[in-house]
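Residue-level listing of the chains:
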Amino acid sequence: MKTLIRNPVIVTMNDHYEVIEKGSIAIDGDKLSYVGPVEWTPPGPFDRIVEGDRMIAMPGMVNAHCHSPANLVRGLFASRPLEIWRAYYRASLRDMRDEDFYASALLGGMEMLKSGATAVLDHFFGNQACRFMGAGAAIQAMRDLGLRHVVALTLSDKNYEETVPLGETASHLSEEIKSMSASEAKATRAWLEDCEEFIDTFHDPHKLTTCCPGPSAVQRCTDELLGGAAEIARKRKLPMHIHLAETKAQALMGKKLYGTSLLQHLASLGILGPNLSLAHSIWIEPADIELLAKSGATPVHNPASNLRLGSGLAPVRDFLFAGVRVALGTDGAASNDGQNMFDALRLVALIHNQAGSDFARWVTPSQALATATRNGARAFGLDAGVLAPGMTADLVLLRRDTPAFTPLNDAMRQLVFCESGRSVDCVIVNGEIVVERGRLTKVDENEVLTLATKARERLNPAIEREMTVARNLEPALGEMYFRVFQRGD
Ligand SMILES: [Zn+2]
């Protein structure tokens, strides 16, 4: 199938960040065959012509960190520090089954596509009672929608109490902690075998699926598991994804366990490289920034989630100044509470401007848009995130006759500061139209809402029960939180 998109303004996100005022885009199969000025458009013939006169074309965004099972609990939790919030969130997953993981991934995927994301990294943790914790059901949902997806299977082989600085708090918590550990930890070898089998079963880029290892976090894994996961990724030429230094308690745990920063520990294991992406990367030392720059690894910034959980502010300006490529994510809907990449884009361009700081280093609109497009694509080995010949045809057309783009003063700046996702008209993934006139083409939107509502209703008794257990943990975890900040131990 050959498609021509005629006359849009094109925000290419190529190496020169070129914006073409009156361009055209030709698509041949699943690849872009021409992106340039309209007067040099190849002659055709074309099977389909899309009139782009009143459109802006941009690369599809890459949501570089989320957890698809969280979509059913959006808005459910109070804002709390991560260590407390996580007890509630993990409790909410304990009764989920494949059909719930399917409904949840479908709901989040629908929101992403309709707001201009064409690819997502799902750092998947579900229910150990299901095969691959339910990740296969989430993959099916994203295939059904036509959303490109990288699914990093979450691995963790340590008991909960070894992964947080509980100190004297531990003694009040023993029963609850045992139940948390029992539902989460598994032996190292079993995890690595599961991960290989998961990749063998589902990895298939032709079906839009990349599978890879996703160790939960440095302090939650033994060195053997971290090394084994990195070896799987290296041998199969896959990305690897991990949470890094999201909270001060985690950074402190790194010092206790390794005597170094969490990132320096990863470097000492020989794991840092361009295929590694690190969600959050907030509690970072100056030497860590150099390590990131040298290794080509990608920190993934999740501004909404970091604000919601009060985790801290990632040093994004310092990363960018050092030449580190930063990617952007929404994080899961349990801590955000949406999956709209335009929200994340606006935040990354706003929250790092601080009075009195060097304004020459504030995040520019083109830097912000790079975090949402090309940087995430590169981290996951996808030929996407840039509109240029030879790249995969993953792109978004936005209407210009909306308040966000009227009058059209500066397409790049208006994408970052004015747009909310409401102008998204047409979304193309792998050369196929998956959103047309703002509606999904492959899945019935009402059906998605019905499935998600029903799943949430079914889960309600289990969620209520598990929330009571989590509530019992809150006072002690709160004590730990204040101890970490006040005494630093
Ligand atoms: Zn996360």
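That block above? That's the structure.
Described in the following lines is the structure provided in the data block. Keep in mind the model is a prediction, meaning the values are calculated, not measured.

**A closer look at the sheet that holds strand β8 (residues 61-66)**
Link 1 in the chain: Reading across from one edge, β8-β9-β10-β11 is the order of the 4 strands in this open sheet, with parallel pairing throughout. Of all the strands in the sheet, the pair left with one neighbour each is β8 and β11 (209-215). Strand-to-strand twist in this sheet, taken as the mean axis angle between neighbours without regard to direction, amounts to 15°.
Link 2 in the chain: Direction of pairing for strand β9 (residues 117-124) relative to strand β10 (residues 148-155): parallel, over a ladder of 6 bridges. Bridging from a neighbouring strand, Val120 pairs with His149 of β10.

**Some details on the pairing of strand β17 (residues 424-429)**
Looking down a regular strand, the side chains alternate between one sheet face and the other.
Link 1 in the chain: Burial analysis of β17 places 6 of its 6 residues in the buried class, which makes it a mostly covered element.
Link 2 in the chain: With 4 bridges joining them, strand β16 (residues 395-399) and β17 adopt antiparallel strand pairing. Bridge pairing links Leu397 to Cys426 in β17.
Link 3 in the chain: Here β17 hands over to strand β18 (residues 432-436) after 2 residues, with Asn430 in that stretch at a positive phi of 55°.

**Some details on the side chain of Lys158**
Link 1 in the chain: Position of Lys158 among the secondary structure elements: in the loop between β10 and α4 (174-184).
Link 2 in the chain: With relative accessibility at 13%, the residue Lys158 sits in the buried group.
Link 3 in the chain: Reaching out from Lys158, the side chain makes a polar contact with the backbone oxygen of Gln219 at a distance of 3.3 Å.

**As for unusual backbone geometry**
Link 1 in the chain: In this model, Gly44 is joined to Pro45 through a cis peptide bond whose omega is 5°.
Link 2 in the chain: Mapped onto the fold, Pro45 is located in the loop between β5 (31-37) and β6 (48-51).
Link 3 in the chain: Put simply, Asn336 and Asp337 share a cis peptide bond, and its omega is 20°.
Link 4 in the chain: Its identity as a non-glycine residue notwithstanding, Met133 has a phi of 60°, on the positive side.
Link 5 in the chain: Locating Met133 in the fold gives a position in the loop between β9 and α3 (135-145).

**Here's the deal with the side chain of Asp425**
Link 1 in the chain: Here Asp425 lies in strand β17.
Link 2 in the chain: Despite its burial, Asp425 pairs with no opposite charge; the closest candidate is Arg399, at 4.9 Å N-O.
Link 3 in the chain: Excluding anything up to four places from it in sequence, Asp425 contacts Met55, Leu397, Leu398, Arg399, Val435, Glu436, Arg437 and Gly438.

**Thoughts on the packing of helix α12 (residues 341-350) against helix α13 (residues 365-372)**
Link 1 in the chain: It is the contact of α12 with α13, at a shortest axis distance of 9 Å, that shows an interaxial angle of 140°. It follows from the interaxial angle that α12 and α13 lie oblique. Of the two possible hands of crossing, α12 and α13 adopt the one that is right-handed. Only Ala368, Leu369, Thr371 and Ala372 of α13 make contact with α12, whose side of the interface consists of Met341, Leu345, Val348 and Ala349.
Link 2 in the chain: Residues of the contact of α12 with α13, tallied by class, amount to 7 nonpolar, 1 polar and no charged.

**Some points on the packing of helix α2 (residues 98-114) against helix α16 (residues 445-486)**
Packed helices, taken two at a time, are described by the angle between their axes plus the distance between the axes.
Link 1 in the chain: One way to put it is that α2 packs onto α16 with a least axis distance of 9 Å and a crossing angle of 140°. In terms of axis orientation, α2 runs oblique to α16. Relative to α16, α2 is oriented so that their crossing is left-handed. Contact residues: Asp100, Tyr102, Ala103, Leu106, Leu107, Met110 and Lys114 in α2; Glu445, Val448, Leu449, Leu451, Ala452, Ala455, Arg458 and Leu459 in α16.

**With respect to the packing of aromatic side chains**
Link 1 in the chain: As enumerated under the stated definition, the model contains 10 aromatic pairs in all.
Link 2 in the chain: A ring pair is formed by Phe198 and Phe202, whose centres lie 5.8 Å apart and whose planes are at 55°; its orientation type is tilted. In this pair, Phe198 and Phe202 are both assigned in helix α5 (residues 188-202), 4 residues apart and thus about one turn of the helix distant. A single burial state applies to Phe198 and to Phe202, both of which are buried.
Link 3 in the chain: Between Phe359 and Trp362 the ring centres are 6.3 Å apart and the planes differ by 70°, which places this aromatic pair in the edge-to-face class.
Link 4 in the chain: Following the ring pairs from residue to residue traces out a cluster consisting of Trp283, Tyr481, Phe482 and Phe485.
Link 5 in the chain: Its guanidinium or amino end placed over the ring of Phe321, Arg361 lies 3.5 Å from that ring's centre, counting from NZ or CZ.

**Quick notes on the sheet that holds strand β12 (residues 240-244)**
Link 1 in the chain: Here 4 strands make up an open sheet; going across it, the order is β12-β13-β14-β15 and the pairing parallel. In this open sheet, the two edge strands, each paired with only one partner strand, are β12 and β15 (327-328).
Link 2 in the chain: Note: β12 against strand β13 (residues 276-280), 5 bridges, orientation parallel. Bridge pairing in β13 links His243 to Ala279.

**Points about α16**
Link 1 in the chain: Over its 42 residues, α16 runs only 49 Å from end to end, short of the ideal 62 Å by more than 12%, given 1.5 Å per residue.
Link 2 in the chain: Helix geometry: α16 is bent most strongly at Asn460, by close to 50°, with proline Pro461 lying one to four residues after it.
Link 3 in the chain: With a side-chain oxygen positioned 2.9 Å from the backbone nitrogen of Asn446, the residue opening α16 is Asp444.
Link 4 in the chain: One or two steps after α16, the chain reaches Gly488, where phi turns positive at roughly 70°.

Cut-offs used in this document
Residues numbered from 1 in each chain as written. Predicted model: local features only at pLDDT ≥ 70, side-chain atom pairs only at ≥ 80, totals over all residues. Heavy atoms only, no water. Pairing = 2+ DSSP bridges. Helix = DSSP H or I, 4+ residues; strand = E, 2+ residues; numbered from the N terminus. Axes fitted to C-alpha atoms, helices over the stretch in contact; angles between N-to-C directions. Buried < 20%, exposed > 50% of the residue type's maximum accessible area, 1.4 Å probe, protein only. Polar contact = N/O pair within 3.5 Å; in protein donor to acceptor, adjacent residues only side chain to side chain. Lys, Arg positive; Asp, Glu negative; His and termini not counted. Salt bridge = Lys/Arg side-chain N within 4 Å of Asp/Glu carboxyl O. Contact = heavy atoms within 4.5 Å. Parallel < 35°, antiparallel > 145°, perpendicular 65-115°, else oblique. Left-handed = near helix turned anticlockwise from the far one by under 90°. Nonpolar A, V, L, I, M, F, W, Y, C, P; charged D, E, K, R; others polar. Phe/Tyr/Trp six-rings, centres within 6.5 Å; stacked < 30°, edge-to-face > 60°. Lys NZ or Arg CZ within 6 Å of the ring centre and 35° of its normal. Expected span 1.5 Å × (residues − 1). Bend = angle between axes of the 7 residues up to and from the residue.

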